[in-house]
Amino acid sequence: MEENYLNKSYWLNVQRKQEYTTVSDGDNFDVLIIGAGIAGLTTAFLLKENGLKVGIIEATKIGLGTTGYTSAKISMQHGLKYDYLIDSFGKDYAMQYAVSNNNAINLIKHTVEKNNISCDFKTQPAYVYTTRKEEVRALEKELRAYEELNIESSFVNSSELPFEIEGAIKIESQAQFHPIKYLYGLSALVSDSGISIYENTRALEIKGDKSPFSITTNRGDIKSDIVVVATHFPFLKNYGMYYMRLHAEKSYILAIKSEDKPFGGMYININDPIYSMRYHFGSDDENILILGGGNHKTGLKKDERESYLELETFAKEHFKNPKIISRWSTQDCMPLDKVPYIGQMTKNVPNLYVITGFGKWGMTGSTVAAQIIRDKILNNDNVNSDIYNPLRFTPKESASEFFSNSFSAAGGLAKRVLTIPLRDIKDIKTGEGKEVEYDGHKIGVYKDEDEKCYGIIPVCTHLGCQLKFNTAEKTWDCQCHGSRFDINGKVIEGPAVEPLEKVIIDQGDND
Ligand SMILES: Cc1cc2nc3c(=O)[nH]c(=O)nc-3n(C[C@H](O)[C@H](O)[C@H](O)COP(=O)(O)OP(=O)(O)OC[C@H]3O[C@@H](n4cnc5c(N)ncnc54)[C@H](O)[C@@H]3O)c2cc1C
């Protein structure tokens, strides 16, 4: 792949200080947290020293989910949000959302300072801006919502950005950090407190509708009285129909060194194409521009490489001699009503909790979530739990039937072992991934630079949705819920937990 060396999150260059084992068959817990991103680890952190036996299992390694690939702005300014919230849910609801996210910033700051977590935490103003005259009205409307909710802010016509803007709403005292350093800091504190962290342990299934739950993992079966599903997109199919209530949206990030003077503040504009910008001021005096954008629903971009190109073009237009030191893409879960789902996962199953749907604002969102879940587990009141309650929707039966039907169809196909002769895929170019028809079936084939071919059935093992080859990352991506698989069909990212069915390419038949 061209420029393959670049496809790595800048945040993941940090050295790991601690290794964690895998879970053992027969282990049991009072509380099991599944997923060690910012949501799972913050929840574990807030549960420490409460006399509970807490365990946290992570399918891969800490931080390799979306948190290791984020922009890490810690802000209550979530794009254009508050006018929408007042309009859709009323002023009290919007106020609660604002207050909970503002408190989350303070909690992160307090956690960092009290525990000396060295994570390049920096207080910064946040700006939502536009460069288009016709969009100023929308900003003014949002500003009126801020005023109604007493959110301290100001309207500005200029900024430190290296280009002109038509207007922006500025909020002071927001923040940013290095997300992986923060996660490593949290995990050390969690582990030192006696909470067990297990890596390379993937939850495959949860059995039962009351506690203790039996959790099947790739390392054996374990039990827990309470389970918190903090896996980003919930991997469970049978509880709460989250596959109907979330979709995955992908974005791309460039980490850039340039000859410009770094600007202060964190920025996002209001309409497509969206650009998110902020500098990372590293403890080693390294100043890196974090430029994000190129948003699209996962699996629906024809050629993902274009998204990187769009960002590169933007960088060249606005910054002096930009040198891209890394680039990466990631995705977040977008809830139907733009408010995360935090709380009891499904109506009739107490003690099973979910945290998901941050809509690209998961730094504060996960911290709000951790407090709600902690309070549910410890039977404390929490004023925020109602507005984020996942049970606020009743999904329609018909839609559920549609998805389960497509799942069974895919399941049937996946059981067949197919072999495809090399001559039938000779038109595929090196570095290309493509769907081909063979013997009445759709087969996904990728041909590497050495002309070796890899075949899979391009049907997601989560719920049977169609997969599309991602030209930039060389992965097979699910268009419905964002599961991603490598060229061998191995799960890179859930909600899928099972690998793709492989198709044997008969390399010998090459006439
Ligand atoms: C491009 C981009 C930029 C963003 N920028 C910002 C920003 O500036 N500010 C902000 O607030 N938010 C931002 N977000 C959103 C934020 O990054 C996410 O909402 C947040 O990181 C999600 O955290 P999480 O813990 O829920 O998920 P993750 O970090 O993905 O953690 C979930 C973990 O669960 C594990 N897992 C999955 N399935 C299983 C299983 N079956 N068993 C065991 N473990 C499992 C995964 O391996 C993973 O480590 C951004 C998102 C994107 C896409």
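Residues numbered from 1 in each chain as written. Predicted model: local features only at pLDDT ≥ 70, side-chain atom pairs only at ≥ 80, totals over all residues. Heavy atoms only, no water.

### Remarks on the overall build of the chain
Piece 1. The helix and strand inventory of the chain stands at 10 helices and 26 strands.
Piece 2. If one aligns the C-alpha atoms of the chain with their principal axes, the spans along those axes are about 70 × 55 × 50 Å.
Piece 3. Relative to its 511 residues, the chain shows a buried fraction of 56%.
Piece 4. By sequence separation, contacts in the chain at least 24 residues apart represent 70% of the contacts at least 6 residues apart.
Piece 5. About 21800 Å² of surface is accessible on the chain, with carbon and sulfur atoms providing 46% of the total. (Helix = DSSP H or I, 4+ residues; strand = E, 2+ residues; numbered from the N terminus. Buried < 20%, exposed > 50% of the residue type's maximum accessible area, 1.4 Å probe, protein only. Contact = heavy atoms within 4.5 Å. Areas by Shrake-Rupley, 256 points an atom, 1.4 Å probe, with all protein chains shown as cover.)

### Re helix α4 (residues 136–148)
Piece 1. Spanning 13 residues, α4 covers 19 Å between terminal C-alpha atoms, matching the ideal 18 Å at 1.5 Å per step.
Piece 2. When we look at burial in α4, the residues that qualify are V136, L139, E142, L143, A145 and Y146.
Piece 3. In this structure, the buried side of α4 is in contact with α2 (82–89), β4 (122–130), β5 (154–156) and β6 (167–176).
Piece 4. The positive-phi residue at the C-terminal boundary of α4 is N150, with phi of around 55°. (Expected span 1.5 Å × (residues − 1).)

### A few points about the pattern of salt bridges
Piece 1. As enumerated under the stated definition, the model contains 20 salt bridges in all.
Piece 2. The partner of D375 in a salt bridge is R374, with the nearest N and O atoms 3.0 Å apart.
Piece 3. Looking at D375, the relative accessible area reads 7%, which means it is buried.
Piece 4. Overlapping salt bridges bring together R16, E19, K61 and E199 as one network. (Salt bridge = Lys/Arg side-chain N within 4 Å of Asp/Glu carboxyl O.)

### With respect to unusual backbone geometry
Piece 1. P212 follows S211 through a cis peptide bond whose omega is 0°.
Piece 2. Omega for the bond connecting G494 with P495 falls within 30 degrees of zero, at 15°, which places this linkage in the cis form.
Piece 3. Residue N150 is not a glycine yet carries a positive backbone phi of 55°.
Piece 4. The residue N150 is located in the loop between α4 and β5 in this model.

### Focus: the site of the ligand
Piece 1. Around the ligand sit 35 residues, and of these E58, T66, T67, K73 and M363 come closest.
Piece 2. T66 is positioned with one of its backbone polar atoms (N or O) 2.8 Å from an oxygen atom of the ligand.
Piece 3. One of the backbone N or O atoms of K73 is found 2.8 Å from a nitrogen atom in the ligand.
Piece 4. Coverage of the ligand by the protein amounts to 96% of the 1000 Å² it exposes when considered alone.
Piece 5. Every element with two or more residues in the shell around the ligand is listed here: α1 (38–47), β11 (246–257), β15 (323–335) and α8 (362–377).
Piece 6. Looking at side-chain class alone, the shell around the ligand contains 15 nonpolar, 15 polar and 5 charged residues. (Near = heavy atom within 4 Å. Polar contact = N/O pair within 3.5 Å; in protein donor to acceptor, adjacent residues only side chain to side chain. Nonpolar A, V, L, I, M, F, W, Y, C, P; charged D, E, K, R; others polar.)

### Focus on the environment of K122
Piece 1. Its place among the elements puts K122 in strand β4.
Piece 2. Along the sequence, K122 and Q176 sit 54 residues apart, while their C-alpha atoms lie 5.4 Å from each other.
Piece 3. Setting aside chain neighbours within four positions, we find K122 in contact with Q174, A175, Q176 and F281.

### Considerations on the packing of α1 against helix α5 (residues 179–192)
Piece 1. The N-to-C vectors of α1 and α5 enclose an angle of 35°; their axes lie 9 Å apart at closest approach. Between α1 and α5 the crossing geometry is left-handed. Contact residues: I38, L41, T42, A44 and F45 in α1; Y182, L183, L186, S187, L189 and V190 in α5. (Axes fitted to C-alpha atoms, helices over the stretch in contact; angles between N-to-C directions. Left-handed = near helix turned anticlockwise from the far one by under 90°.)

### With respect to the pairing of strand β20 (residues 441–447)
Piece 1. Counted residue by residue, β20 has 6 buried out of 7 residues, so it is predominantly covered.
Piece 2. Between strand β19 (residues 433–438) and β20, which pair antiparallel and follow one another directly, the connecting turn spans 2 residues, one of which, D439, has a positive phi of 55°.
Piece 3. The turn linking β20 back onto strand β21 (residues 453–456) is made up of 5 residues, and E451 within it adopts a positive phi angle of 70°. (Pairing = 2+ DSSP bridges.)

### Here's the deal with the pairing of strand β17 (residues 352–356)
Piece 1. With respect to burial, β17 is a largely interior element, 5 of its 5 residues being buried.
Piece 2. Burial along β17 is two-sided: the residues L352, V354 and T356 and Y353 and I355 are all buried.
Piece 3. Sheet topology places strand β10 (residues 220–229) next to β17; 3 bridges connect them, and they run parallel. Its bridge partner lying in β17, V227 is registered against L352.
Piece 4. Relative to β17, strand β16 (residues 341–344) runs antiparallel, the two sharing 4 bridges. When the sheet's bridge partners are listed, Q344 is paired in β17 with Y353.

### Some remarks on the nonpolar core
Piece 1. Formed by 78 residues in total, the largest nonpolar core has its most connected members in I33, Y82, F177 and Y182.
Piece 2. A per-element tally of this core places helix α3 (residues 91–114) first, with 8 residues.
Piece 3. Beyond its immediate stretch of four places on either side in the chain, I33 contacts G40, T43, A44, L47, V54, G55, I56, I57, V228 and A230.
Piece 4. Among the nonpolar cores identified, the runner-up in size contains 26 residues, and F29, L32, Y198 and V227 belong to it. (Core = buried A, V, L, I, M, F, W, Y, C linked by side-chain atoms within 4.5 Å.)

### Some points on the sheet that holds strand β24 (residues 484–485)
Piece 1. Read across the open sheet, the 4 strands follow the order β22-β23-β24-β25; overall the sheet is antiparallel. The two strands at the open ends of the sheet, each matched to only one other strand, are β22 (467–470) and β25 (491–493).
Piece 2. Bridging between strand β23 (residues 475–478) and β24 involves 2 bridges; their strand directions are antiparallel. The residue bridging W476 from the neighbouring strand is F485, located in β24.

### Structural notes on the environment of H232
Piece 1. Topologically, H232 is positioned in the loop between β10 and α6 (242–245).
Piece 2. For H232 and F358, which are 126 residues apart along the polypeptide, the C-alpha to C-alpha distance reads 8.8 Å.
Piece 3. Sequence-distant contacts of H232, that is, excluding residues within four places in its chain, are made with T66, Q331, D332, C333, I355, T356 and E493.
Piece 4. Within polar-contact distance, the side chain of H232 engages the side chain of T66 at 3.3 Å.

By themselves, these observations are geometric and do not establish any function.
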